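Descriptive structure summary
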Amino acid sequence: AAAASPTTEEPIQPAVEIKHTQLLINGNFVDAASGKTFPTLDPRTGEVIARVAEGDSEDIDRAVAAARKAFDEGPWPRMTAYERCRVLLRFADLIERHADEIAALETWDNGKTLAQSAGAEVPMLARCMRYYAGWADKIHGLVVPADGAHHVQVLHEPVGVAGQIIPWNFPLLMFAWKVGPALACGNAVVLKTAEQTPLSALYVASLLHEAGLPDGVLNVVSGFGPTAGAALCSHMGVDKLAFTGSTGTGQIVLELAARSNLKPVTLELGGKSPFIVMDDADVDQAVELAHHAVFFNQGQCCCAGSRTFVHERVYDEFVEKSKARAQKRVVGDPFRNGVEQGPQIDEEQFKKILRYVQSGVDSGATLVAGGDRAGSRGFYIQPTVFADAKDEMKIAREEIFGPVQTILKFSGVEEVIRRANATQYGLAAGVFTRSLDAANTLSRALRAGTVWVNCYDVFDAGIPFGGYKMSGVGREKGVYALRNYLQTKAVVTPIRNAAW
Ligand code: ADP
């Protein structure tokens, strides 16, 4: 069998109770103004997990008003930076105390493996919060030596109300990357979660209040993109936008921001990242890493290494071994031990991925593994590998966002640089080689915001992340993310006795 059959057994019941399904506005969980709700589904079965309050423009108005008040009048931006630091540190402690429930909620709503939620994403959420807690009291400006008899100080102030829109593939990590730096800098936030995965952000936001966050500083609105999301982008009371999602939606977000109040926007968008295997590589290691680079998180990563470029001298062996590795990948209930791949997020993505697989076959690529759904229920897809792909094929150009590896053959460094860069995207790249020269050449030549050499998907909180070209604007994480959430103010005063 190409993959385990994930759907013959009963789904494992998650060990968590769903506590929060309402909107979080001004420190209270409340119904949507319209009273409407929408279902969030279990990707293992397509069945309803819970109904969640459906925010729309009226709720965005309420949330922005609460954030405005918290910023303009509230204690948060005026607290000492050390007090803000301590709220974020207490939050990280609470995340660890409730780690099991948070991880279960994330896996239930998203379909990613529990091993990944519990082993990586919840710890990374806590780590990211501590990282930005550490910055809170180390943000300061400079004194500039001006030409005239003037004392010039540069103040770094919070931007104000930040609107943040996040996707469904990493709900907790996206929460961390957005909310961490915004709060550390003293801003207030309105967060719009993805309609597929509203649950974990509501839960952790309640913990953040338990940690001492004042009311109104973080508001969480569940709802859909064209309604709640667009209302946030267009809002005149929002001072800054941060968005992670598809490139097409990013263009809409930027346009809405421009047409309303020219709020600055950071964007983290799609990708079609190359993973380049040189001829000196240890093939077994290269196969394993390339596999991980594309199949991690069911292939639902903006930075997935989804164009696997392999040198002709190791190509045949690489393809054979990648096929075997994909066929060995354990697909099944993400709550079950040993499972490597759960279901895709929803039916829309599931169908879209299968359409891409069909287009790969139709365009003449060689299907060497997978190619179909796995089982008969839920949104599971077989780990799929195409060999002999050509650059102009859709599967080599467009973001599939699923467990589909596209292997392309190359014969020289100059050639692979040209082909790897021949894309509208520029989010990430992987290089696998023993040669320092090849690694140095490739990491400088590749037009991408991250180059992983002999590793992939390393996401420490301090490492900047973002895209070249149509993969985005600006950087998240690290010290770089602070710039997104700070205004720069020059204060100039005359010096009366310039001699001193
Ligand atoms: P995907 O196709 O992967 O779901 P999207 O870019 O559509 O990616 O979604 C990412 C986030 O953007 C989600 O929170 C979604 O609700 C939101 N979104 C979608 N459309 C819009 C829009 N027109 N305006 C603002 N936000 C949107």
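Here, the structure is the one placed above.
Reading the values: the criteria
Residues numbered from 1 in each chain as written. Predicted model: local features only at pLDDT ≥ 70, side-chain atom pairs only at ≥ 80, totals over all residues. Heavy atoms only, no water. Helix = DSSP H or I, 4+ residues; strand = E, 2+ residues; numbered from the N terminus. Rg over C-alpha atoms; globule rule 2.2 N^0.38 Å. Buried < 20%, exposed > 50% of the residue type's maximum accessible area, 1.4 Å probe, protein only. Lys, Arg positive; Asp, Glu negative; His and termini not counted. Charge placed at Lys NZ, Arg CZ, Asp CG, Glu CD. Near = heavy atom within 4 Å. Polar contact = N/O pair within 3.5 Å; in protein donor to acceptor, adjacent residues only side chain to side chain. Areas by Shrake-Rupley, 256 points an atom, 1.4 Å probe, with all protein chains shown as cover. Nonpolar A, V, L, I, M, F, W, Y, C, P; charged D, E, K, R; others polar. Pairing = 2+ DSSP bridges. Axes fitted to C-alpha atoms, helices over the stretch in contact; angles between N-to-C directions. Right-handed = clockwise from strand over helix to strand, strands pointing away. Parallel < 35°, antiparallel > 145°, perpendicular 65-115°, else oblique. Left-handed = near helix turned anticlockwise from the far one by under 90°. Contact = heavy atoms within 4.5 Å.

**Considerations on the overall build of the chain**
- Across its full length, the chain carries 15 helices and 20 strands.
- Its C-alpha atoms give the chain a radius of gyration of 24 Å, within 12% of the compact-globule value 23 Å for 500 residues.
- With the C-alpha coordinates of the chain rotated into their principal frame, the extents come out at 75 × 60 × 40 Å.
- Scored against the burial criterion, the 500 residues of the chain give a buried share of 56%.
- Averaging the locations of the 50 positively and 57 negatively charged side chains of the chain gives two centres separated by 4 Å.

**Quick look at the site of the ligand**
- In the vicinity of the ligand lie 18 residues, with I166, W168, K192, E195 and S246 positioned nearest.
- Take G225: an N or O atom from its main chain is 3.3 Å from an oxygen atom of the ligand.
- Within the contact set of the ligand, an oxygen atom lies 3.1 Å away from a side-chain nitrogen or oxygen of T249.
- Notes on the ligand: free accessible area 550 Å², of which the protein chains cover 85%.
- Those elements giving two or more residues to the shell around the ligand turn out to be α7 (225-234), β10 (240-244) and α8 (247-259).
- No other element matches the 5 residues that α7 contributes to the shell around the ligand.
- Class assignment of the residues belonging to the shell around the ligand gives a composition of 9 nonpolar, 7 polar and 2 charged.

**Notes on the sheet that holds strand β15 (residues 384-387)**
- Judged by pairing direction, the sheet is mixed, and its 7 strands sit side by side in the order β14-β15-β16-β13-β12-β17-β18 without closing on themselves. Since the sheet does not close on itself, it has two edges, and those belong to β14 (366-369) and β18 (450-453), each with one partner. This sheet shows a mean twist of 25° between the axes of neighbouring strands, independent of strand direction.
- Bridge count for β15 against strand β16 (residues 404-410) is 3 bridges, and the pairing is parallel.

**Comments concerning the pairing of strand β17 (residues 428-432)**
- Of all 5 residues in β17, 5 are buried; the element is thus mostly enclosed.
- As judged from the 3 bridges shared by strand β12 (residues 274-277) and β17, these two strands associate in the parallel manner. Of the residues in β17, the one forming a bridge with F275 is G430.
- Relative to β18, β17 runs parallel, the two sharing 4 bridges. For G430, the partnering residue across the bridge sits in β18 and is W452.
- Each parallel crossover has a hand, and for β17 linked through helix α14 (residues 436-445) to β18 it is right-handed.

**Brief notes about the pairing of strand β11 (residues 265-268)**
- Burial along β11 is two-sided: the face carrying V265 and L267 and the face carrying T266 and E268 are both buried.
- Where β10 and β11 come together, 4 bridges link them in parallel fashion. Note on β11: the bridge partner recorded for A242 is T266.

**Quick notes on the packing of helix α3 (residues 99-110) against helix α4 (residues 114-136)**
- For the pair α3 and α4, the least separation of the axes is 8 Å and the interaxial angle reads 125°. By the angle class used here, α3 and α4 are oblique. Seen from above, α3 lies across α4 with right-handed handedness. Every residue of α4 that contacts α3 at A99, I102, A103, A104, E106 and T107 is listed here: L114, S117, A118, E121 and V122.
- Residue composition of the contact of α3 with α4, by class: 7 nonpolar, 2 polar and 2 charged.

**Let's talk about α7**
- Along α7, the positions that sit buried rather than exposed are A228, G229, A231, L232 and C233.
- The elements touched by buried residues of α7 are α1 (57-72), β7 (161-165), β8 (188-192), β9 (218-221), β10 and α8.

**Some details on unusual backbone geometry**
- Positive phi is not limited to glycine here, since K469 has a value of about 50°.
- Turning to its location among the elements, K469 is positioned in the loop between β18 and β19 (472-473).
- We note that K477 has phi near 65°; this positive angle belongs to a residue other than glycine.
- Mapping K477 onto the fold places it in the loop between β19 and α15 (480-484).

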